[in-house]
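Chain residues, written in single-letter form:
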Amino acid sequence: MAERTVIPFGPHHPVLPEPIHLDLVIEDEKVVEAIPQIGFIHRGLEKLVEKRDYKSYVYITERICGICAFGHSLGYSETIEALMEIEVPPRALGLRVVWHELSRVHSHLLWLGLLADAFGFENLFMQCWRLRERVLDIFERTTGGRVILSACNVGGVNHDIADDELKGIVEVLEGMMREYKVLCKTFLKDKSVASRLRGVGILTKEEAEGFGVVGPFARASGIAEDIRMFGYGGYGFLESFEPVVSDECDGYGRCKVRADEVFQSINIIKEIVQKMPSGEVMIKVKGSPAAGSRAVMRFEQPRGECFYYAKGNGTKFLERFRIRTPTFMNVAGMAHTLQGCDLADVPLNILTIDPCISCAER
Amino acid sequence: MGYIITGMALKNLFSKPVTKRYPHEPIVYTERTRGHVYNDMEKCIICSICEKACPAGALGVDKEARTWTIDRFSCVQCGACVRSCPPKAQSLIMKPEYAPVATKMTSEVFTKPEDSLED
């Protein structure tokens, strides 16, 4: 039997945009056990609800994570709206879905690019990010920011998008889809990509259920679970919603689910734009959350299900605010997939869950 | 399959770059791009609503001294102050233009001119 050694992986590593540390117990070239450690960028944002009033706090939730920035502000706003029983204008709900799905497109394209970069396909990486740039341009045109949008607020959205501009967005996305289809072929049919992804980081359906993994990570293991199918907020306008599921259970499956979700998101935007209700986009919010009131919300962020909990205490400050982010759920599953894999596959394996450590640590 | 990427690479050889040649080509900002916060002191009514709306605590309003102060290092350019500015004043704007890099951590203080309209 070979001797076991421990190799520290991270917190700084070329594939990791954010710090996570793993102690890899190695036997020969195989990983026997991976022990994750987080806590390098904990900022105590949940505690800040005691210092910032509920209207200002939406700007802090946006800054929890750069990629799900809109998703977090949407989640927070809808939680507070449920807490204070505010009815949001339907057009605001529709616009929120448009921005939320656009941010999913940009998040998945970013991830696909990072994946291509991780297995050394520089050209593909640049092509993905070139397409992503168009989504960022739409963001800048409609909200004024490329990453931090400051578009969603308690009671609605800050900016309206004119109907002509919405049609323009759909046109841009359709143009993008044609080019994206070509890239998708490379991701899903190319031999060199498949040889790098197939059979890497296997997590079976039973294991995925056991570890409670969420999002594309779970859907790639055959669990048909997507919070959007319950029709929260503006997703109620959709005719039907079917989650993208794959039974591959490996890195290739995760790549496939995310690649297909980009098409799904573009189709959702098209449908919502057609059905976009007219009217105002913001209502004035007065008063504070009542003492003892509680609200719970679940949202599908690009990386999976995100859970929000808020409790009011009668003042303009919240008593408690809690976010359980998708990466927080997925880290345990990730550590399991690392068991038994080659040392060379570790970086790619970590990347396939699309880790977002800023989200997980808040 | 490699032909797809080869085709793309060949196309790129004969097409314009996707990126902008920044210093030579100026950046075109959109109408909504959020930039530096400016206050038109002639119009400002020193109501201090923006100070309360600022989530970063970057703004300071002194009613006695009739000054409006902004800490550029704290400002996160969220636009909350611009949206909170009351309709009768509308003095705050965000200009999407290149601002010189701040080198000192000081606050910028603006005083409301004496001869401007009284609030």
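Residues numbered from 1 in each chain as written. Chains lettered and ligands numbered in written order. Predicted model: local features only at pLDDT ≥ 70, side-chain atom pairs only at ≥ 80, totals over all residues. Heavy atoms only, no water.

So, the sheet that holds strand β3 (residues 67–71) of chain B
Residues and elements named next belong to chain B. Using the following cut-off: For two strands to count as paired, DSSP must find a minimum of two bridges between them. Secondary structure elements are taken from DSSP: a helix is a run of H or I of four residues or more, a strand is a run of E of two residues or more, and numbering for both begins at the N terminus. Comment: axis = line fitted to C-alpha atoms, over the contacting stretch for helices; angle = value between 0 and 180 degrees taken between N-to-C directions.
Pairing is antiparallel across the open sheet formed by 3 strands, whose spatial order is β2-β3-β5. Two strands close off the open sheet at either side, each with one partner strand: β2 (59–62) and β5 (107–111). Geometrically, the sheet is characterised by an average inter-axis angle of 15° between neighbouring strands, direction not taken into account. Pairing geometry for β2 and β3, over 4 bridges, is antiparallel. Across the sheet, residue leucine 59 finds its bridge partner in β3, namely isoleucine 70.

What about the packing of helix α2 (residues 69–83) of chain A against helix α3 (residues 90–118) of chain A?
Residue and element names in this part refer to chain A. Convention followed: Roughly parallel refers to an angle under 35 degrees, roughly antiparallel to one over 145, roughly perpendicular to one between 65 and 115, and oblique to any angle outside these ranges. A clockwise turn of the near helix away from the far one marks a right-handed crossing, whereas an anticlockwise turn of less than a right angle marks a left-handed crossing. Residue contacts follow a heavy-atom distance rule, with two residues in contact if any of their heavy atoms lie within 4.5 Å.
One way to put it is that α2 packs onto α3 with a least axis distance of 9 Å and a crossing angle of 150°. In terms of axis orientation, α2 runs roughly antiparallel to α3. α3 is crossed by α2, and the crossing has left-handed handedness. Counting all contacts with α2, which are made through Phe70, Gly71, Leu74, Ser77, Glu78 and Glu81, the residues of α3 involved are Leu93, Arg96, Trp99, His100 and Ser103.

Some words on the environment of glutamate 46 of chain A
All names here are of chain A. Along the chain, glutamate 46 falls in the loop between β3 (30–37) and α1 (57–62). Note: C-alpha distance between glutamate 46 and valine 31 (15 residues apart in sequence) is 35 Å. Not counting residues up to four positions away in its chain, the partners in contact with glutamate 46 are Tyr57, Arg320, Phe321, Arg322, Ile323 and Arg362.

Section: the interface of chain A and chain B
As a reminder of what qualifies: As a working definition, buried area equals the accessible area (1.4 Å probe) given up by two parts on being put together, with both sides summed. Here, a salt bridge means any Lys or Arg side-chain nitrogen found within 4 Å of an Asp or Glu carboxyl oxygen. Two N or O atoms count as a polar contact when they lie within 3.5 Å, although within protein this holds only if one can serve as hydrogen donor and the other as acceptor, and sequence-adjacent residues are included solely when both atoms are side-chain atoms. Each residue gets one of three labels, nonpolar for Ala, Val, Leu, Ile, Met, Phe, Trp, Tyr, Cys and Pro, charged for Asp, Glu, Lys and Arg, and polar for the others, Gly among them.
With 27 residues of chain A at the contact, the number on the chain B side is 19 residues. Taken together, both faces of the contact between chain A and chain B bury some 1900 Å²; the carbon and sulfur share is 55%. At the boundary of chain A and chain B, one finds 0 salt bridges. At the surface where chain A touches chain B, the tally comes to 11 residue pairs in polar contact (both at pLDDT 80 or more). Sorting the residues of the side of chain A that touches chain B by element identifies α4 (122–143) and α5 (163–189) of chain A as the ones contributing at least two each. If one sorts the elements of the side of chain A that touches chain B by residue count, α4 of chain A sits on top with 8 residues. Among the residues forming the side of chain A that touches chain B, the class breakdown is 7 nonpolar, 11 polar and 9 charged.

Focus: the pairing of strand β8 (residues 318–324) of chain A
All names here are of chain A. Direction of pairing for strand β7 (residues 304–312) relative to β8: antiparallel, over a ladder of 6 bridges. Among the inter-strand pairings, phenylalanine 307 is bridged to a residue of β8, identified as arginine 324. Between the antiparallel neighbours β7 and β8 lie 5 residues, among them glycine 314 with a positive phi of about 90°.

Regarding the state of the cysteines
Formally, a disulfide is one covalent bond, and it connects the sulfur atom of one cysteine to the sulfur atom of another. Basically, it comes down to this: Sulfur atoms of two cysteines make up a disulfide when they are within 2.5 Å.
Scanning the entire structure with this criterion turns up 0 disulfides over all chains. Left unpaired, cysteine 50 of chain B is separated from the closest cysteine sulfur, that of cysteine 47 of chain B, by 6.0 Å.

Focus on the side chain of arginine 303 of chain A
Following the sequence through the fold, arginine 303 of chain A ends up in the loop between β6 (294–301) and β7. At 3.1 Å, the side chain of arginine 303 of chain A forms a polar contact with the backbone oxygen of aspartate 354 of chain A.

Section: the environment of arginine 43 of chain A
All names here are of chain A. Here is the rule we go by: Categorising residues by exposure relies on relative accessible area from a 1.4 Å probe, with only protein chains included: less than 20% of the type maximum marks a residue as buried, more than 50% marks it as exposed, and the intermediate range marks it as partly exposed.
Assignment of secondary structure puts arginine 43 in the loop between β3 and α1. Judged by its relative accessible area of 36%, arginine 43 is partly exposed. Arginine 43 sits 318 residues away from glutamate 361 along the chain, and the two C-alpha atoms are 7.4 Å apart. Beyond its immediate sequence surroundings of up to four residues, arginine 43 is in contact with Arg63, Ile64, Ser358 and Arg362.

Concerning the confidence of the model for chain B
Which entries qualify depends on this criterion: A score from 0 to 100, pLDDT tells how confident the predictor is in each residue.
Within chain B, residue pLDDT values average 81, and 93% of them lie at 70 or more. For this predicted complex, the interface confidence score (ipTM) comes to 0.80, while the overall pTM stands at 0.88.

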